Amino acid sequence: MNMTALQLDSVSISFGPLHAVADLSIQLRPGEVYALLGPNGAGKTTTLNMILGFLRPERGSIAVAGVDALTDPLGARARIGYLPETVMLHPTLSAIENLTYFALLAGRKIDVTTARRLLDEAGLQSSAHERHSGSFSKGMRQKVGVAIALAKQANLLLLDEPTSGLDASAANDLSNVIRTASSRGIAVLMATHDLFRVKDVAHRLGILRSGQLVEERDAATLDPVALEQLYLQRLAS
Ligand code: ATP
């Protein structure tokens, strides 16, 4: 069995003269939660887009659960659950219907009982299971997104700025959902500015500056103040 959920080796991409991501190497084990920190324009979204196969790196290699994302982007994407800043659901379908539909697109046929169980695991209150998702908050849409990843039996969950626009309670729910995914063996890569949340859920963190990984640490070695200091130092130096 392959023990690496995500392997980026010396990945680089430029847009004209701009080195958006330069020589980036990151490795995630199953169940590991990794926070990719960095200011606007550091290259976080570009990194996620390369893992998803939406952008092709000029150099380097990317593998998701052992599947080469450059030669088999669809195969790699089948192993990924992706939560963009705004999770898009069909507004006229219920949570159960959205989950069933997106699971089917990913090749998994699930019944209503399974759909309810997965939505429960992802933390969506049962009173919302049959409601049209058009009225859902960002946090609720994220929970459906995580349920979809669980249904797909994804190896990797990618989150782009997951806490922006969430209130404290929804952000706390998100931490719990990330822990659930992690406990199922799903590796989580989250691109974020939110240092507090990072300290709360991440096992490891990397600081990206101008496309380069300038720091990588075990989150447990840093208290929130030390993390903030390190972050500011690394962006300044
Ligand atoms: P943010 O937090 O603002 O989303 P980010 O860390 O996700 O920032 P990216 O969106 O990955 O940063 O952008 C990295 C750099 O690459 C930026 O300078 C951005 O302007 C540039 N860039 C991203 N996509 C393109 C593109 N398609 N064409 C040209 N430049 C791009």
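Quick note: structure is the one above.
Conventions and cut-offs
- Residues numbered from 1 in each chain as written.
- Predicted model: local features only at pLDDT ≥ 70, side-chain atom pairs only at ≥ 80, totals over all residues.
- Heavy atoms only, no water.
- Helix = DSSP H or I, 4+ residues; strand = E, 2+ residues; numbered from the N terminus.
- Contact = heavy atoms within 4.5 Å.
- Pairing = 2+ DSSP bridges.
- Axes fitted to C-alpha atoms, helices over the stretch in contact; angles between N-to-C directions.
- Buried < 20%, exposed > 50% of the residue type's maximum accessible area, 1.4 Å probe, protein only.
- 1 Å grid on protein atoms, 1.4 Å probe; cavity = no way out; pocket = protein on both sides within 12 Å on 5 of 7 lines; lining within 4 Å.
- Points joined across faces, edges and corners; volume = space filled by probe spheres on them.
- Nonpolar A, V, L, I, M, F, W, Y, C, P; charged D, E, K, R; others polar.
- Near = heavy atom within 4 Å.
- Polar contact = N/O pair within 3.5 Å; in protein donor to acceptor, adjacent residues only side chain to side chain.
- Sits in = over half its atoms within 2 Å of the grid points.
- Phe/Tyr/Trp six-rings, centres within 6.5 Å; stacked < 30°, edge-to-face > 60°.
- Parallel < 35°, antiparallel > 145°, perpendicular 65-115°, else oblique.
- Core = buried A, V, L, I, M, F, W, Y, C linked by side-chain atoms within 4.5 Å.

Trainee: For the side chain of Ser 182, give the residues involved together with the corresponding values.
Mentor: By secondary structure assignment, the location of Ser 182 is in helix α6 (residues 168-183). Ser 182 has contacts with Gly 31, Val 33 and His 203, leaving out every residue within four places of it along the chain.

Trainee: Explain the sheet that holds strand β5 (residues 67-68) residue by residue, including any values.
Mentor: Overall, antiparallel pairing links the 4 strands, which are arranged β2-β1-β4-β5 in an open sheet. This sheet does not close on itself; its edge strands, each paired only once, are β2 (18-28) and β5. Packed onto the sheet, helix α1 (residues 44-51) meets β1 (6-15), β2 and β4 (59-64) and runs at close to 115° relative to β1.

Trainee: Can you explain α1? Please cite residues and give values.
Mentor: In terms of residue burial, α1 counts as a mostly covered element, since 7 of its 8 residues are buried. Once α1 ends, the next one or two residues include Gly 53, with phi positive near 85°.

Trainee: So what's going on with empty space enclosed by the protein? Residues and values would help.
Mentor: Inspection of every chain in the model, using the stated rule, returns 1 cavity of 30 Å³ or more. Of the volumes computed, that of the largest cavity is approximately 40 Å³. The wall of the largest cavity is formed by Gly 139, Gln 142, Lys 143, Ala 170, Asp 173, Leu 174 and Val 177. Elements with a minimum of two residues in the lining of the largest cavity: α5 (138-152) and α6.

Trainee: Can you tell me about the layout of surface pockets, naming the residues and giving the values?
Mentor: Its boundaries defined by the atoms lining it, the largest pocket holds a volume of some 550 Å³. Lining the largest pocket are 22 residues, and of these Ile 80, Gly 81, Tyr 82, Ile 148 and Lys 152 lie nearest its centre. Those elements that provide at least two residues to the lining of the largest pocket are α2 (73-77), β6 (80-83), α3 (95-105) and α5. Residue classes in the lining of the largest pocket are distributed as 14 nonpolar, 4 polar and 4 charged. In this structure, the second largest pocket encloses a volume near 170 Å³. The leading source of residues in the lining of the second largest pocket is α1, at 3 residues. Its residues assigned to classes, the lining of the second largest pocket comprises 4 nonpolar, 6 polar and 4 charged.

Trainee: Describe in detail the site of the ligand, supporting the description with residues and values.
Mentor: Gly 41, Gly 43, Lys 44, Thr 45 and Thr 46 are the nearest of the 13 residues found near the ligand. A distance of 3.2 Å separates an oxygen atom of the ligand from a polar side-chain atom of Asn 40. Within the side chain of Thr 46, an N or O atom sits 2.6 Å from an oxygen atom of the ligand. Among the detected pockets, the ligand sits in the second largest pocket. Mapped by element, the contributors of at least two residues to the shell around the ligand are β2 and α1. Residues belonging to the shell around the ligand are distributed by class as follows: 5 nonpolar, 6 polar and 2 charged.

Trainee: Would you mind going over the packing of aromatic side chains in detail, with residue names and values included?
Mentor: The final tally for this structure, using the stated rule, is 1 aromatic pair. Note on Tyr 101 and Phe 102: the rings are 5.1 Å apart at their centroids and 70° apart in plane angle, and the pair reads as edge-to-face. By relative accessible area, Phe 102 is classed as partly exposed at 22%.

Trainee: Explain the packing of α3 against helix α4 (residues 112-121) residue by residue, including any values.
Mentor: The contact between α3 and α4 brings their axes to 10 Å, and the two run at 105°. On the basis of the axis angle, α3 is roughly perpendicular to α4. Only Val 112, Ala 115, Arg 116, Leu 118 and Leu 119 of α4 make contact with α3, whose side of the interface consists of Ala 95, Ile 96, Leu 99 and Thr 100.

Trainee: Outline the side chain of Glu 215, supporting the account with residue identities and numerical values.
Mentor: Structurally, Glu 215 can be placed in strand β10 (residues 212-218). Among the polar contacts made by the side chain of Glu 215, one reaches the side chain of Arg 234 at a distance of 2.5 Å. With residues near it in sequence (within four places) discarded, Glu 215 still touches Leu 205, Gly 206, Ile 207, Leu 230 and Arg 234.

Trainee: Give a description of the nonpolar core that names residues and reports values.
Mentor: Core analysis: the largest hydrophobic core is formed by 50 residues, its most contacted members being Leu 99, Leu 157 and Leu 205. At 8 residues, the largest contribution of residues to this core is made by α5. With sequence-adjacent residues up to four places away left out, Leu 99 is seen in contact with Ile 110, Ala 115, Leu 118, Leu 119, Ala 147, Ile 148 and Ala 151. Ala 20, Leu 28, Ile 62 and Ala 76 belong to the second largest nonpolar core, which has 29 residues in total.

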